[in-house]
Amino acid sequence: MQRIALSFLIVAAALAITAPTADAAFGIQSFSADVFKQDGHTVETQAGATPYTGVTDFTLNSTLGLTAEQVKTIRVDLPPGLISNPQAAPECPQSSFPTCASNTQIGTVDLTALGLPYSTAVYNLEPTAGHVSDFGFSVLGLLSTHIIGGVRDTGDYGLFFTIDVPQGINLSHSKLTFFGNPADHGTGASPAPFIRLPTACTGVQTTRLTVDTYEGHTYTASDTTDTGASGCDQVPFAPSVSVTPDTTRRDSPAGVRVGVNVPWQSDPTKLASSHVKDTSIVLPPGMSINPAAANGLASCTDDQFRQDTHNPVACPPASRVGMASITSPVLSAPLTGSVYLGSPQADNPYRLFVVMDGSGLSVRLKGRVTPDPNTGQLTTTFPGTPQVPFSDFTLNLSGGPNATLATPLACGPAATTSSIAPYSGTAPATPGSSFTVDQDGSGGACPATTPFSLGFSAGSQNMAAGAFSPFSLNVTRDDGQQFLRGLTARQPAGLLGLIQSVPLCDESLAAQGACPEESRVGTSTVTSGAGSAPFSLSGPAYLSGPYGGGPFGLVIVIRALAGPFDLGTVVVRGAIKVDPTDSHLTIETPTLPTILQGIPLRLRTVNVTIDRPYFLFNPTNCDQLAGGATLTSSEGATQDVSSPFQATGCDVLPYAPKMTATTRAAKRGQPAGLTVELSQAPGEANTKSVAVKLPTQLAARLSTIRQACPQDTFKADPTSCNAGSKVGTVSAATPVLAAPLAGTVYLVLQGAGKLPTLEALLQGSGITVDLSGTLNLGNGITSTFAAIPDVPITSFRLSLQPNRANSALAAGADLCSGALKYSAQIMGQNGKGTAVDSLVGVAGCGVQITKAGVKRRTATFSVRVPAAGTLVLSGKGVKRVRKSFAAAGTYKVKTSLTKTGLKSLRKALARKRRGARKLVVGVTANYAPKKGASAGGEAVRSSRASKRVTFKR
């Protein structure tokens, strides 16, 4: 063998030395590339068919068979979709080549080298690492040449072949013939398609030849077919799809295997299945992107993915969301690789980058995931996939707590649909797939109705009565429960905030979620996503002005930054309403976000913590209370929940309210008014009930009682009550609000045979509070307000007006003639009480001499003064008396006759007529109030009163 090889080299060298110099300029004289039927000259055009042969033939310019330059490398680029299948014939081991078994032959080659013709067999070799295929031939069994096959994986994915020509071999002609079905050529191989025509009928096709020489020049030529492949309507296409989650448990994070299968036709007498052009798979309703996947998630930029290159992919590890593989019948092993999350684009936020490597190839695809904006149902699209055959294309999206996908909430069949378009141009195939969602992932039956039983808790951090404390409300939802959509929370009575201490967010800013920091009252945190590791987001909570029918609003603003996704700013609005009976707060958020940019949130927890310093404070009532809520699901179910709430330490709160009552002077039978004021110092327990027994001198005016407003009218619209039922005014100042509440006092009917109630309707800052008091007319009037809200009131004033038309009270006696005694029982929310026994201050009264008596030469007067001041008694014939008094009241004042008076009395007693034997003296009481003295809330003026007294024996 060594002698033969040496002889061949000597002959070749001799020919090279003695060969005449080539006159023709180097170039490609001709080039053709065709696939033929068995007759050897009719071109095969049927799409997807197996031709009898495939021939590439080129001739270089030469003189006497020699070329001016030496060929170094030959490359032939086939049109996209024209496939050679190295798996169609057995492989010859590299160690055996060039002595290969006949059944490994896949063609022939005819060469002209050094001016001499050569013909030899081409064998299918076992490819070396990094190569798609390796076909080999040898000349005279000495010079072995490899035809290395590859794929243009940075372009159109067409096939190419390269041949390295040893230096010194002056090649002028090459005709390479591949067998369409090697078995038809007597190789002994089993029938199998080695060549397949494209399955796309896109018109003319071009094969390109590139020749590089050792002299450093490159020459190209191309051969374009007249028509290209035809008959695409006959090309079969029957792909199938499968979607298989790693768990079938409802509402759970799931790894998902998505597979597309295309049958491979191994019979060379039949047409191949069309290559897949576009793939669109619609996952089952309810299977959606899992928000929990955002934990630690990153994305891969286009520059990092480096598509259409062989540069290493540089995607961050945190952007890897799965694995991928593609099995091709023309490759000895599957291509495998990773699936990455592509960086979001404005019009394409959810992208998949797929890279699969093997056999020296790097297939890099970009897919698009499009969620339905209303339901979250996912459509995954891979457009324009390469014109290469595959039997299986598989995406395995990662599972675990932070799986990219989550299973549907609803049990039962979960159907996948698809639209897979072939390169043949025929109608897309629409294969489907289905799996069954169950209760536990093991086939367990689901209940007839999806449950909606969420967890709830609410409470203050510090439960001390009346103390400022952060307050938190929590809603929790387990996997498998209906999704939370709405929340109406009810605070325990007495849990209030100092609204006046917070600058309210303007509506124009609240609507945009752009409230200033000064309006912030707390923080909201939500977690979302199926599984044990939901994704968490937090944002500020602000207090706004009127919203949703309430006097105030809660504005929750959360910037939804989830991994690499910016889902925008979520603004949740809640209406804060105040109960008119006990003043408890209700926060209505009927619509919570359930889906953001196509991602169903699957809310797991909702927390709102109000923690602004010195804002929210506890009740002063230590009874067992409760905070509650009504929860609404996305399917319309509702659930009422509650959480116990009980303040502590009420007994240590002081309770010392102060009450005063005033009226104005009125004669018996005249309309009368009454004003009652109650005040408290900060830090005391709030008032729970007040019962006041009025002086007997104040009587109910029956004509006014008969004008009481019907209860239904009052409830519907108090302002429509008749004027006769409006008997007074009411006001209250509270540290909760910047401005006092004020309103009207109504008499309201409570049914036949029943006394009307006294309804004090307080309004202000958008708030209405109705204080309802009962009336008892037995043994005087007693009015009882038994259920006063647990609200701090620094001052309260209820005034029954003395209108002539509709005064509630009438004077049963001259109100200035005697003390108006009243009593009251005042109870605090903490159980402590105060008893009041006092006098009603009467405004407009002057000094009165209520009684006068004479004993011997001394007159005694009962004088009532309206307030502290000085009294001077004087009259003709009596001694002038001056007295000072420290307070209002009835006092005895004595005076006696002067010497002049005694003389007058003696003269009178000496009169002849018996009936004239007496002395009548007019006595005047002049009263001057002490500076600043007041009564009934008004300054007291100077006044005088006169009384005639008789002195006799």
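Residues numbered from 1 in each chain as written. Predicted model: local features only at pLDDT ≥ 70, side-chain atom pairs only at ≥ 80, totals over all residues. Heavy atoms only, no water.

**Student:** Please clarify how the overall build of the protein chain should be interpreted in this entry.
**Tutor:** When helices and strands are tallied, the protein chain shows 6 helices and 66 strands. Relative to the compact-globule value of 30 Å for 953 residues, the protein chain shows a C-alpha radius of gyration of 52 Å, a clear excess of over 25%. With respect to the three principal axes, the spread of C-alpha positions in the protein chain is 195 × 55 × 45 Å. The burial tally for the protein chain puts 51% of its 953 residues in the buried class. Pairs at least 24 apart in sequence give 66% of the contacts found in the protein chain among residues at least 6 apart. Put simply, the protein chain shows about 41,600 Å² of open surface, and 53% of that area lies on carbon and sulfur atoms. Once the 74 positive and 58 negative side-chain charges of the protein chain are each reduced to a mean point, those two points are 53 Å apart. (Helix = DSSP H or I, 4+ residues; strand = E, 2+ residues; numbered from the N terminus. Rg over C-alpha atoms; globule rule 2.2 N^0.38 Å. Buried < 20%, exposed > 50% of the residue type's maximum accessible area, 1.4 Å probe, protein only. Contact = heavy atoms within 4.5 Å. Areas by Shrake-Rupley, 256 points an atom, 1.4 Å probe, with all protein chains shown as cover. Lys, Arg positive; Asp, Glu negative; His and termini not counted. Charge placed at Lys NZ, Arg CZ, Asp CG, Glu CD.)

**Student:** Mind showing me how you'd approach the confidence of the model for the protein chain here?
**Tutor:** Low-pLDDT portions of the prediction should not be read for the details of their coordinates. A residue-level look at the protein chain finds 98% of positions with pLDDT of 70 or above and a mean pLDDT of 94. Overall, residues 1-22 carries pLDDT values under 50, and its contacts beyond four positions in sequence, including any with other chains, amount to 17 contacts. (pLDDT = per-residue confidence, 0-100.)

**Student:** Looking at this structure, how should I read the side chain of Q105?
**Tutor:** Looking at the secondary structure, you find Q105 in strand β5 (residues 105-113). A relative accessible area of 16% means that Q105 is categorised as buried. Dropping the residues within four chain positions of it, Q105 is found in contact with A121, V122, Y123, F179, P182 and T187.

**Student:** What should I look at first to understand the state of the cysteines in this one?
**Tutor:** What makes a disulfide is a covalent bond joining the sulfur atoms belonging to two cysteines. Scanning the entire structure with this criterion turns up 8 disulfides. Covalent S-S linkage joins C300 and C315, the inter-sulfur distance amounting to 1.9 Å. Of note, the bridge from C300 to C315 carries an S-S torsion of about -65° and is left-handed in sense. Taken together, the residues C300 in the loop between β18 (288-289) and α2 (302-305) and C315 in the loop between α2 and β19 (320-327) connect sequence positions 15 residues apart. Like C315, C300 is buried. Two residues, C411 and C446, share a disulfide whose sulfurs are 1.7 Å apart. (Disulfide = S-S within 2.5 Å.)

**Student:** Any chance you could explain the packing of aromatic side chains here in plain terms?
**Tutor:** For any pair of aromatic rings, the description rests on two quantities: the centre-to-centre distance and the angle between the ring planes. Using the criterion set out here, one finds 15 aromatic pairs in the structure. Plain terms: the ring middles of F26 and Y219 are 4.9 Å apart, the flat faces sit at 55° to each other, and that makes the pair tilted. Highlighted residues: F26 in the loop between α1 (2-18) and β1 (28-36) and Y219 in strand β13 (residues 218-224), separated in sequence by 193 residues. Residue F26 shares its accessibility class with Y219, and that shared class is buried. Each ring, one from F382 and one from F393, has its centre 5.9 Å from the other, and the planes form 85°; the classification is edge-to-face. Within this pair, whereas F382 is found in strand β23 (residues 378-382), its partner F393 is found in strand β24 (residues 392-397), the two being separated by 11 residues in sequence. (Phe/Tyr/Trp six-rings, centres within 6.5 Å; stacked < 30°, edge-to-face > 60°.)

**Student:** I would appreciate a short explanation of the sheet that holds strand β22 (residues 361-371) in the present structure.
**Tutor:** Strands in a sheet are paired, the pairing made by backbone hydrogen bonds, and the direction either parallel or antiparallel. Strand order across the open sheet formed by 11 strands is β14-β16-β24-β19-β20-β21-β22-β23-β17-β26-β27, with antiparallel pairing between neighbours. Of all strands in the sheet, those bounded by a partner on one side alone are β14 (240-245) and β27 (433-437). Across the sheet, the mean angle separating the axes of adjacent strands is 20° when strand polarity is ignored. As defined by bridge partners, β19 adjoins β24 across 6 bridges and the pair is classed as antiparallel. (Pairing = 2+ DSSP bridges. Axes fitted to C-alpha atoms, helices over the stretch in contact; angles between N-to-C directions.)

**Student:** Looking at this structure, how should I read the environment of T224?
**Tutor:** Its location among the elements puts T224 in strand β13. Residues T224 and S32, 192 residues apart in the sequence, show an inter-C-alpha distance of 8.5 Å. In contact with T224, other than residues within four places in its own chain, are V204, Q205 and T206. Side chain to side chain, T224 and T206 meet in a polar contact 2.9 Å long. (Polar contact = N/O pair within 3.5 Å; in protein donor to acceptor, adjacent residues only side chain to side chain.)

**Student:** What am I meant to see in empty space enclosed by the protein here?
**Tutor:** Under the definition given, this model contains 4 cavities of 30 Å³ or more. Its boundaries defined by the atoms lining it, the largest cavity holds a volume of some 310 Å³. Lining the largest cavity are 27 residues, with S328, L331, L361, V388 and P389 sitting closest to its centre. For the lining of the largest cavity, the secondary-structure elements that each account for two or more residues are β4 (83-84), β8 (143-151), β9 (159-164) and β22. Considering only residue class, the lining of the largest cavity consists of 20 nonpolar, 7 polar and no charged. The calculated volume of the second largest cavity comes to roughly 200 Å³. The wall of the second largest cavity is formed by 18 residues, among which L111, F137, V139, T145 and I169 lie closest to the centre. Listed by contribution, the elements that provide at least two residues to the lining of the second largest cavity are β5, β7 (133-139), β8, β9 and β10 (171-179). Ranked by the residues each element gives to the lining of the second largest cavity, the list is headed by β5, at 3 residues. Looking at the lining of the second largest cavity residue by residue, the classes come out as 15 nonpolar, 2 polar and 1 charged. (1 Å grid on protein atoms, 1.4 Å probe; cavity = no way out; pocket = protein on both sides within 12 Å on 5 of 7 lines; lining within 4 Å. Points joined across faces, edges and corners; volume = space filled by probe spheres on them. Nonpolar A, V, L, I, M, F, W, Y, C, P; charged D, E, K, R; others polar.)

**Student:** Which parts of the structure should I look at to understand unusual backbone geometry?
**Tutor:** Residues apart from glycine generally show negative phi values, whereas peptide bonds are mostly found in trans. In this structure, P98 follows F97 across a cis peptide bond, with omega equal to 15°. Look at R306: it is not a glycine, yet its phi comes out positive at around 60°. The backbone of Q597 sits at a positive phi, close to 45°, despite the residue not being glycine. Relative to the elements of secondary structure, Q597 occurs in the loop between β37 (595-596) and β38 (599-600).

**Student:** What should I look at first to understand the sheet that holds strand β54 (residues 809-811) in this one?
**Tutor:** Taken in spatial order, the 3 strands line up as β44-β54-β47 in an open sheet, and their pairing is antiparallel. Looking along the sheet, the strands with just one partner apiece sit at the ends: β44 (671-672) and β47 (698-700).

**Student:** Please explain the pairing of strand β20 (residues 335-342) as it appears in this structure.
**Tutor:** Residues in a regular strand project their side chains so that they alternate between the two faces of the sheet. Taking burial as the measure, the 8 residues of β20 include 6 buried ones, the bulk of the element. The pairing of β19 with β20 spans 6 bridges and is classified as antiparallel. Counted as the bridge partner of R320 is Y340 from β20. Here β20 runs beside strand β21 (residues 351-358); their pairing, made up of 7 bridges, is antiparallel. The partner of S338 across the bridge, within β21, is V355.

**Student:** Can you help me understand the environment of V865 in this one?
**Tutor:** Tracing the backbone shows V865 in strand β59 (residues 858-865). We classify V865 as buried; its relative accessible area is 1%. Remark: the alpha-carbon pair of V865 and I849, spanning 16 residues in sequence, is separated by 8.9 Å.

**Student:** Looking at this structure, I do not really get the side chain of R573. What am I missing?
**Tutor:** By the element assignment, R573 lies in strand β35 (residues 565-578). In terms of polar contacts, R573 uses its side chain to reach the side chain of E507, at 2.9 Å.

**Student:** How should I be thinking about the nonpolar core in this particular structure?
**Tutor:** Soluble, globular proteins show a tendency: their nonpolar side chains are buried together. Within the largest apolar cluster, 187 residues are counted, with the highest numbers of intra-cluster contacts made by I74, V122, F178, M356, V475, L631 and M659. The next biggest cluster of nonpolar side chains, apart from the first, holds 27 residues, and it includes I849, V865, V893 and L897. (Core = buried A, V, L, I, M, F, W, Y, C linked by side-chain atoms within 4.5 Å.)

**Student:** Would you mind going over the pairing of β9 with me for this structure?
**Tutor:** The element β9 is largely enclosed, with a buried count of 5 among its 6 residues. Strand direction decides the pairing type here: strand β3 (residues 71-77) and β9, joined by 5 bridges, are antiparallel. Pairing of R75 across the sheet is with T162, part of β9. Pairing of β8 with β9 involves 5 bridges; the strand directions are antiparallel. The residue bridging I148 from the neighbouring strand is T162, located in β9.

**Student:** Would you mind showing me how to read the pattern of salt bridges here?
**Tutor:** Where charged atoms from two side chains of opposite charge approach closely, those side chains can pair. This model, assessed by the stated rule, comprises 15 salt bridges. Across the pair D302 and R351 runs a salt bridge, and its minimum N-O distance is 2.7 Å. On the criterion of sequence distance, the pair formed by D302 in helix α2 and R351 in strand β21 is long-range, its members being 49 residues apart. The residue E507 makes a salt bridge to R573 at a minimum N-O spacing of 2.9 Å. Here R573 lies in strand β35 and E507 lies in helix α3 (residues 507-510), a separation of 66 residues in the sequence. With relative accessibility at 12%, the residue R573 sits in the buried group. (Salt bridge = Lys/Arg side-chain N within 4 Å of Asp/Glu carboxyl O.)

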